[in-house]
Amino acid sequence: ESGNYLADIIFFSNNQYDKPTFEENLEKSICYLQEEWRNADDLQKNGIHPAYSVMLFGLPGTGKTHLATYLASQQELPLVVAKLDGLLSSFLGTTARNIANLFNFVNRYKCILLLDEFDAIAKLRDDPNELGELKRVVNTLLQCLDERGKIGYTIAITNHESLLDPAIWRRFDLRIEVPKPSFIVRKQILTNLTNSSIALSDLQLNFLATMTDLSKLIGFLNRKRIITKNNFDFIDAIKEFINLNANLTNSEIVKNLNLDEEHLVKFLKYDSLFQLTQIEIAELLNTKQPNISRLLKK
């Protein structure tokens with residue numbers, strides 16, 4: 001009734017999505033999933049249903065949507081991305097009907113259905129803050145997932161797995177947690193992101209690996225370097241990024257970067273996260289080591 005689309009469709013060619021960088025355990029899980037999907041026909045010939053449905057859950061910003069898109073690109077199947085603004089409706093019964101229409105569409109084709117922000121439509125049916133309409137929506141979703149589970153691929157993504165109805169969990173053959181990347185993995189992600197763009201030293205990469213939202217950060221630094229040309233200042237650019245991106249998770253780093261130079265130097269020298277030498281601090285702040293020594297003696 002709103003005129004919004006129920007889904008966007010993405011077609012892939014020539015493996016246009018690079019493989020994300022994973023933690024070791026997540027890497028094993030993804031390899032198994034891909035192996036099962038590659039052998040889906042053999043499994044079906046032997047009367048066994050492959051794991052057609054997978055739930056990806058974890059904290060925001062861990063790369064779940066990127067991972068889902070990569071999985072679809074490796075299968076070389078179209079990716080149908082459900083649009084929540086098209087599915088959800090304030091009209092009685094319309095949300096359930098939209099969900100049924102979406103599944104009727106994807107079930108006609110060999111494709112992968114991606115249900116992002118899944119908790120918005122799969123909440124607990126006994127939530128006291130919700131009306132009876134939610135039960136109808138979840139029941140419709142359960143029926144659609146049961147039917148879909150026999151014929152096609154489905155990936156659901158949520159940042160709030162505790163909100164999901166228990167019956168929804170049971171509809172997914174595989175449930176994979178996507179953890180927050182470790183420091184080593186974050187540094188590798190940064191190296192991959194900066195290979196063909198901004199040139200950063202190993203010390204600068206180590207510093208950035210403590211930050212949040214790496215892809216947005218690198219994108220900002222790339223734009224800043226182009227705009228400022230030879231006047232690019234690494235730390236000033238980081239400070240500007242912080243000021244333009246409120247509510248970053250690294251609160252301790254954000255607080256200290258916005259203090260004066262003396263406090264910043266002491267933070268980089270003595271905080272357990274960094275414990276840099278005077279020479280390293282001087283390189284990071286684009287100054288001389290004696291200046292760092294003077295500030296530390298204050």
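For the structure, see preceding data.
Computed from a prediction, not measured in an experiment: that's the story for all the values here.

Draft legend 1. Broad picture of the packing of helix α1 (residues 24-38) against helix α3 (residues 64-75). Two elements in contact, α1 and α3, have axes separated by 11 Å at closest approach and are oriented at 30°. The orientation of α1 relative to α3 falls into the category roughly parallel. The way α1 lies across α3 gives a crossing that is right-handed. The residues of α3 that touch α1, namely those facing Ile 30, Leu 33, Gln 34, Trp 37 and Arg 38, are Leu 67, Tyr 70, Leu 71, Gln 74 and Gln 75. Across the contact of α1 with α3, the residue classes tally to six nonpolar, three polar and one charged.

Draft legend 2. Local environment of the packing of aromatic side chains. Under the defined criterion, the tally for this structure stands at nine aromatic pairs. With a centroid separation of 5.6 Å and 80° between ring planes, the pair formed by Phe 118 and Phe 172 is classed as edge-to-face. Of this pair, Phe 118 sits in the loop between β4 (112-115) and α6 (133-148) while Phe 172 sits in the loop between α7 (166-170) and β6 (174-177), and the two are 54 residues apart along the sequence. One exposure class covers both Phe 118 and Phe 172, and it is buried. Centre to centre, the rings of Phe 207 and Phe 234 are 6.1 Å apart; their planes meet at 70°, and the pair counts as edge-to-face.

Draft legend 3. Here's a closer look at helix α10 (residues 214-228). Helix length check: α10 (15 residues) gives 21 Å between terminal C-alpha atoms against 21 Å at 1.5 Å per residue, within 8%. Buried residues along α10 sit against α8 (183-194), α9 (202-208) and α11 (234-244). Following α10 by one or two positions, Lys 229 has its phi on the positive side, about 55°.

Draft legend 4. Representation of the side chain of Glu 36 within the structure. Among the secondary structure elements, Glu 36 is positioned in helix α1. Lacking a salt bridge, the buried Glu 36 has Arg 38 as its closest oppositely charged neighbour, with an N-O distance of 11 Å. A distance of 2.5 Å separates a polar side-chain atom of Glu 36 from the backbone nitrogen of Ala 51.

Draft legend 5. Region of interest: α8. For α8, which comprises twelve residues, the first-to-last C-alpha distance of 16 Å matches the rise-based estimate of 16 Å (1.5 Å per residue) to within 8%. Of the positions making up α8, those classed as buried are Val 185, Arg 186, Lys 187, Leu 190 and Thr 194. Summarising the contacts, the buried residues of α8 are in contact with α9 and α10.

Draft legend 6. Inspection of the packing of α8 against α10 at higher detail. Look at α8 against α10: their axes get within 10 Å of each other, and the N-to-C directions meet at 40°. Between α8 and α10 lies a crossing whose hand is right-handed. In contact with Arg 186, Ile 189, Leu 190, Leu 193 and Thr 194 of α8, α10 contributes Leu 214, Ser 215 and Ile 218. When its residues are assigned to classes, the contact of α8 with α10 shows five nonpolar, two polar and one charged.

Draft legend 7. Examining the nonpolar core more closely. Membership of the largest hydrophobic core comes to 37 residues, with the highest contact counts inside it found for Phe 207, Leu 208, Leu 221, Phe 234, Ile 238 and Leu 268. At the level of elements, α9, α10, α11, α12 (251-257), α13 (261-270), α14 (278-285) and α15 (289-297) are the ones that each hand at least two residues to this core. Counting residues per element, this core draws most heavily on α11, at six residues. Counting residues in hydrophobic clusters, the runner-up holds 30 residues, among them Ala 7, Val 106, Leu 142 and Leu 164.

Draft legend 8. Here's a closer look at unusual backbone geometry. Positioned with a positive phi, Glu 76 is a non-glycine residue whose angle comes to about 55°. Within the element layout of this structure, Glu 76 appears in the loop between α3 and β3 (79-82). On the basis of relative accessibility, which here comes to 62%, the residue Glu 76 falls in the exposed class.

Cut-offs and rules
- Residues numbered from 1 in each chain as written.
- Predicted model: local features only at pLDDT ≥ 70, side-chain atom pairs only at ≥ 80, totals over all residues.
- Heavy atoms only, no water.
- Axes fitted to C-alpha atoms, helices over the stretch in contact; angles between N-to-C directions.
- Helix = DSSP H or I, 4+ residues; strand = E, 2+ residues; numbered from the N terminus.
- Parallel < 35°, antiparallel > 145°, perpendicular 65-115°, else oblique.
- Left-handed = near helix turned anticlockwise from the far one by under 90°.
- Contact = heavy atoms within 4.5 Å.
- Nonpolar A, V, L, I, M, F, W, Y, C, P; charged D, E, K, R; others polar.
- Phe/Tyr/Trp six-rings, centres within 6.5 Å; stacked < 30°, edge-to-face > 60°.
- Buried < 20%, exposed > 50% of the residue type's maximum accessible area, 1.4 Å probe, protein only.
- Expected span 1.5 Å × (residues − 1).
- Lys, Arg positive; Asp, Glu negative; His and termini not counted.
- Salt bridge = Lys/Arg side-chain N within 4 Å of Asp/Glu carboxyl O.
- Polar contact = N/O pair within 3.5 Å; in protein donor to acceptor, adjacent residues only side chain to side chain.
- Core = buried A, V, L, I, M, F, W, Y, C linked by side-chain atoms within 4.5 Å.

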